[in-house]
Amino acid sequence: MNDRISVDILDGVADVRLIRADKMNALDNAMFDALIQTGERLKTEVGVRAVVLSGEGRSFCAGLDTSNFAAMASGERSGGQGSAGALVTDNRTPGGSNRAQHAVMVWREIPVPVIAAVHGVAFGGGYQLQLSADMRFVTPDAKLSVLEIKWGLIPDMAGMALLRGLVRDDVARELTYSGRLFNGHEALAMGLATRVCEDPRAEALAFAREVAGKNPDAVRAGKRLLNLMADGDQHAILLAESVEQTALIGSPNQVEAVRASLEKRAPIFG
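Quick caveat, the model's predicted, so the values are computed rather than measured.

Enquirer: Honestly, the nonpolar core in this entry has me stumped. Any pointers?
Expert: A general feature of soluble globular proteins is that nonpolar side chains tend to end up buried together. Of all hydrophobic cores here, the largest spans 50 residues; its most connected members are Leu35, Val51, Trp107, Leu144 and Leu192. Discounting chain neighbours no more than four positions away, the residues touching tryptophan 107 are Val16, Leu35, Thr38, Gly39, Leu42, Val51, Leu53, Val114, Leu129, Ser132 and Lys223. Counting 15 residues, the second largest nonpolar core, distinct from the first, contains Phe207, Val211, Ala212 and Val219.

So this is what it looks like as structure tokens:
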């Protein structure tokens, strides 16, 4: 794993970097394994309060390693990995993901906020990966694409499940059918980027440190509610709001948040 992804944890912030820079962080079998293993680790890592996901070198992630497409050109239908090799019969997680989808969805399942810092290119599977984050900070000149149609394919690494909560139906269709490239400003206008900034990783780390200074119980509760908001019906959401708030009120970290605010000092959370 350590030749594909690095993880540095400081003051509650996990700084996660794809480090296959010589291949623009393309998704090969080892990268899929590393994404899953790292995401699963961070689900239970004690003390982590926010995560920043970025790519080293020239790009965030160029998508599936092109060696997979060379194999497809010969008519090969099996033996690949990622979106090209994800079969309907693959073993699936309780959430419904096959292996390639889980490499993306595991980041949505991390119980604290995840911020993707995107520069260079995010194509195909790499584009779907950054969709899993709670927020996306993107450079103005980033090159982004739902690129699968170029290879005669569809996005199948959770892209459809994640796009539906971000853009209008017709926008998702236009991007999927065309595979066209768009930049950070266009992404922001479409609702596919949270911020456009010259240094997304620096801004993402600063935001993550800010989040790490809030009541961690409330942040986790907020993420549970926000994830439910995408799929739950009104009754389920209203009930969950009440359940989460009841658990928070009077809890040690909530009391500390109130006291710190009244005393005009930085809170000290457990």
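Enquirer: Would you take a moment to explain the environment of glycine 55 for this structure?
Expert: Checked against the element boundaries, glycine 55 lands in strand β3 (residues 50-55). Between the C-alpha atoms of glycine 55 and serine 6, which are 49 residues apart in sequence, the distance is 10.0 Å. Setting aside its immediate chain neighbours within four residues, glycine 55 contacts Arg17, Leu18, Asn25, Phe60, Ala117 and His119.

Enquirer: Help me understand the packing of helix α9 (residues 216-231) against helix α10 (residues 234-248) in this model?
Expert: When two helices pack together, their arrangement is given by the angle between the helix axes and the distance between those axes. Where α9 meets α10, the closest approach of the two axes is 10 Å, and the angle between their N-to-C directions is 175°. Comparing their axes, α10 and α9 come out roughly antiparallel. Mapping the contact onto sequence places Asp217, Ala218, Ala221, Arg224, Leu225, Leu228 and Met229 in α9 and Ala236, Ile237, Ala240, Glu241, Glu244 and Leu248 in α10. Tallied by class, the residues present in the contact of α9 with α10 amount to nine nonpolar, no polar and four charged.

Enquirer: Looking at this model, I keep getting lost on the sheet that holds strand β4 (residues 114-118). Mind explaining?
Expert: To summarise the sheet geometry, strands pair through backbone hydrogen bonds and adopt either a parallel or an antiparallel arrangement. Pairing is mixed across the open sheet formed by six strands, whose spatial order is β1-β2-β3-β4-β6-β8. Unpaired on one side and paired on the other, β1 (5-10) and β8 (195-196) mark the two borders of the sheet. Of the strand pairs in this sheet, strand β6 (residues 135-138) and β8 are connected by two bridges, and their pairing is parallel. Following the sheet pairing, valine 138 is matched in β8 by valine 196. Helix α1 (residues 29-44) rests against β1, β2 (13-18) and β3 of the sheet, and its axis sits at about 20° to β1.

Enquirer: Any chance you could explain unusual backbone geometry here in plain terms?
Expert: Outside of glycine, negative phi angles account for most residues, and trans bonds account for most peptide bonds. Even without a glycine there, the phi angle at aspartate 11 is positive, about 50°. Mapped onto the elements, aspartate 11 comes out in the loop between β1 and β2. Not every positive phi belongs to a glycine, and asparagine 25 is a case in point at roughly 60°. Looking at the element boundaries, asparagine 25 is found in the loop between β2 and α1.

What counts as what
- Residues numbered from 1 in each chain as written.
- Predicted model: local features only at pLDDT ≥ 70, side-chain atom pairs only at ≥ 80, totals over all residues.
- Heavy atoms only, no water.
- Core = buried A, V, L, I, M, F, W, Y, C linked by side-chain atoms within 4.5 Å.
- Buried < 20%, exposed > 50% of the residue type's maximum accessible area, 1.4 Å probe, protein only.
- Contact = heavy atoms within 4.5 Å.
- Helix = DSSP H or I, 4+ residues; strand = E, 2+ residues; numbered from the N terminus.
- Axes fitted to C-alpha atoms, helices over the stretch in contact; angles between N-to-C directions.
- Parallel < 35°, antiparallel > 145°, perpendicular 65-115°, else oblique.
- Nonpolar A, V, L, I, M, F, W, Y, C, P; charged D, E, K, R; others polar.
- Pairing = 2+ DSSP bridges.

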